[in-house]
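# Notes for the structure review
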Amino acid sequence: MLYEIFLPLADDYSLFNVFRYITFRSGGAVLTALLISFIFGPKIIRWLKVKQGEGQPIRDDGPESHLLTKKGTPTMGGALILLALSVSTLLWANLSNPFIWIILLVTIGFGLIGFGDDYLKLTQRNTKGLPGKAKLLAQVLISVLAATGTMAVSPPEMGTHLAIPFFKELMVNLGLFYVPFAVFVMVGASNAVNLTDGLDGLATVPVMIAGACFGLISYLVGNTIFAEYLQISYVPGTGELTVFCGALVGACLGFLWFNAPPAMVFMGDTGSLSMGGALGTIAVITKHEIVLSIIGGLFVLETISVIVQVASYKTTGKRVFRMAPLHHHFEKKGWAEPTVVIRFWIISMILALIGLATLKLR
């Protein structure tokens, strides 16, 4: 919105020339999302407390400490992230760029699915929420729309292609399998972040780290000079996603102020499903799906721990971990919650650096 308002003035007034630059608008998006979070955060949290009463239902089979420390904490705090993220993106991004609308479709769409899930958990006072099949079907439908839209606006020579890290300019044409693959990435990323969101601040910072990394990737992939220098595939228009990533970082940073241990509010599925879906969509658009599995490696580890636990228990009757997802395993081993959270943040940072290193090692 601000881009459309001030850009025509840039030719007559040099002051407004800064609106041409993605870096300036990305910085503006970070600060705007952060400011919205600080202004509306306390009001939204108070409103959620009044409406929810007892707060988010706590799992009976979870760590015993959660029954005492987390009882009464409101959920659906992801609504604050969505508000700050959406408003900031609409203000600072070039709204004529189709990638912006695709990413907003997935983010808000997945957020609504999460909202429905959280609402049912609160009204029914249990941890089940939406039926798994219904939730998955809704995610798949939104992802199919996003994947086909991405194909339509991407260059024909890479619309259905997959980039392979470490191999310069190697693109594998997935053909008819592209849409199912893209859907898998978006839905998988969404549910992986959802599984990670089990401790105060645990998912927020890794999402912020991944968002910052993909902000850089989006900028590089959308710039012909940098893309050629790094020998990565140039995808026109993806640079504008840097603004969205900036808004994502700002929104998560603002939310962390209220979500840091001990949390005043949980993001709930409203936040985790939408943030994960956003990361998966950016990876698909920028053709860095495999790099997402490295940068978001913490989410992958959490998901694998659940898969291994379920498979082991069903086949042998034994559990590999004391509890899944992985962060609960370490809680059961006696680690304090802040210790688990901060050490997982460190792991996330290390994996992000490795993921970014693949850009130069191609």
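Residues numbered from 1 in each chain as written. Predicted model: local features only at pLDDT ≥ 70, side-chain atom pairs only at ≥ 80, totals over all residues. Heavy atoms only, no water.

### Quick notes on the overall build of the protein chain
Selection rule: For the purposes of this entry, the term helix denotes a DSSP run of H or I that reaches at least four residues, the term strand denotes a run of E that reaches at least two, and both are numbered from the N terminus. Burial classes follow relative accessibility: with a 1.4 Å probe on protein chains only, a residue under 20% of its type's maximum area counts as buried, one over 50% as exposed, and anything between as partly exposed. What makes two residues a contact is simply this: any of their non-hydrogen atoms within 4.5 Å. Areas reported here follow the Shrake-Rupley algorithm with a probe of radius 1.4 Å; residue values treat only the protein chains shown as occluding.
Counting its secondary structure elements, the protein chain contains 15 helices and 2 strands. Residues counted as buried form 55% of the 362 residues belonging to the protein chain. Put simply, 75% of the contacts in the protein chain that link residues at least 6 apart link residues at least 24 apart. For the protein chain, the accessible area works out to roughly 16100 Å², and carbon and sulfur atoms hold 70% of it.

### Here we look at the layout of surface pockets
Basically, it comes down to this: Only protein atoms enter the 1 Å grid used here, on which a cavity is any set of points holding a 1.4 Å probe that cannot leave and a pocket is any open set flanked by protein within 12 Å on both sides along at least five of seven lines; residues with an atom within 4 Å of a point are listed as lining. Grid points are joined across faces, edges and corners, and a volume is the space filled by probe spheres set on the points. The residue classification treats Ala, Val, Leu, Ile, Met, Phe, Trp, Tyr, Cys and Pro as nonpolar and Asp, Glu, Lys and Arg as charged. All others, Gly included, are polar.
Roughly 220 Å³ of internal volume is contained in the second largest pocket. Taken together, Ile44, Trp47, Leu48, Lys51, Gln52, Met76, Ala79, Phe115, Tyr119, Leu122 and Thr123 make up the lining of the second largest pocket. Listing elements by their share of the lining of the second largest pocket, those giving two or more residues are α2 (22-52) and α5 (98-124). Grouping the constituent residues of the lining of the second largest pocket by class yields 8 nonpolar, 2 polar and 1 charged.

### A word on a nonpolar patch on the surface
Test applied: Only residues whose relative accessible area exceeds 30% and that form no salt bridge are eligible for patches; like-charged ones are grouped when within 9 Å, while nonpolar side chains (Val, Leu, Ile, Met, Phe, Trp, Tyr) are grouped when within 5 Å. Salt bridge, as used here: a side-chain nitrogen of Lys or Arg that lies within 4 Å of a carboxyl oxygen of Asp or Glu.
Together, Leu35, Ile39, Phe40, Leu83 and Val87 make up an exposed nonpolar region whose accessible area comes to about 400 Å². Elements with a minimum of two residues in the nonpolar patch: α2 and α4 (78-92). For the nonpolar patch, the leading source of residues is α2, giving 3 residues. Note that Leu35 resides in helix α2.

### Looking at the packing of helix α6 (residues 132-153) against helix α11 (residues 268-285)
Quick note on the threshold: For every element, the axis is a line fit to its C-alpha atoms; helices are fit only across the contacting stretch, and the angle between N-to-C directions ranges from 0 to 180 degrees. An angle counts as roughly parallel when it lies under 35 degrees, as roughly antiparallel when it exceeds 145, as roughly perpendicular when it falls between 65 and 115, and as oblique in every other case. For any helix crossing, the convention is left-handed if the near helix is rotated counterclockwise from the far helix by under a right angle, and right-handed if that rotation is clockwise.
Interaxial distance between α6 and α11 falls to 11 Å at its minimum, and their mutual angle equals 30 degrees. One finds that α6 runs roughly parallel with respect to α11. As for how α6 packs across α11, the hand of that crossing is right-handed. Between α6 and α11, the contacting residues are Lys135, Gln139 and Thr150 on the first element and Asp269, Leu273, Val284 and Ile285 on the second.

### Description of the state of the cysteines
Where we set the bar: Note on terminology: disulfide denotes any pair of cysteine sulfur atoms within 2.5 Å.
Evaluation of the coordinates by the stated rule reveals 0 disulfides. With no disulfide partner, Cys245 has as its closest neighbouring cysteine sulfur the one in Cys213, 9.8 Å distant. Relative accessible area serves as the criterion here: at 2%, Cys245 is assigned to the buried category.

### Considerations on the pattern of salt bridges
Enumeration according to the criterion identifies 5 salt bridges in this entry. For the salt bridge of Asp117 with Lys121, the shortest nitrogen-to-oxygen distance reads 3.3 Å. Residue Asp117 and its partner Lys121 are located together in helix α5, separated by 4 residues, close to a single helical turn. Asp117 sits in the buried class, given a relative accessible area of 0%. With a relative accessible area of 18%, Lys121 lands in the buried category. Here Lys135 makes a salt bridge to Asp117, at a shortest N to O gap of 3.3 Å. Separated by 18 residues along the polypeptide, Lys135 in helix α6 and Asp117 in helix α5 bring together distant segments of the chain. Through salt bridges with shared partners, a single ionic network connects Asp117, Lys121, Lys135 and Asp269.

### Looking at unusual backbone geometry
Trans is the prevailing form of peptide bonds, just as negative phi is the prevailing case for residues other than glycine. In this chain, Pro261 is followed by Pro262 through a cis amide linkage whose omega measures -10 degrees. Residue position: Pro262 is located in the loop between α10 (241-259) and α11. Cis geometry marks the peptide bond from Ala324 to Pro325; its omega dihedral reads 0 degrees. The phi torsion at Met76 lies on the positive side, around 70 degrees, for a residue other than glycine. Looking at where Met76 falls in the secondary structure, it is placed in the loop between α3 (64-69) and α4. Owing to a relative accessible area of 7%, Met76 belongs among the buried residues under this scheme.

### So, the environment of Thr286
With respect to the helices, strands and loops of the structure, Thr286 is situated in the loop between α11 and α12 (289-295). Judged by its relative accessible area of 0%, Thr286 falls in the buried class. Taking the C-alpha atoms as reference points, Thr286 and Leu162, 124 residues apart in sequence, are found 9.9 Å from one another. Dropping the residues within four chain positions of it, Thr286 is found in contact with Phe214, Ile217, Ser218, Val221, Val235, Thr238 and Leu241.

### Brief notes about the nonpolar core
Our working rule: Residues grouped as a nonpolar core are buried Ala, Val, Leu, Ile, Met, Phe, Trp, Tyr and Cys residues, joined through side-chain atoms within 4.5 Å.
By size, the foremost hydrophobic cluster in this structure holds 93 residues, and its most contacted members are Val207, Phe214, Met275 and Ile295. The leading source of residues in this core is α10, at 12 residues. Once residues within four sequence positions are removed from consideration, Val207 is found in contact with Val193, Leu248, Cys252, Met275, Leu279 and Phe299.

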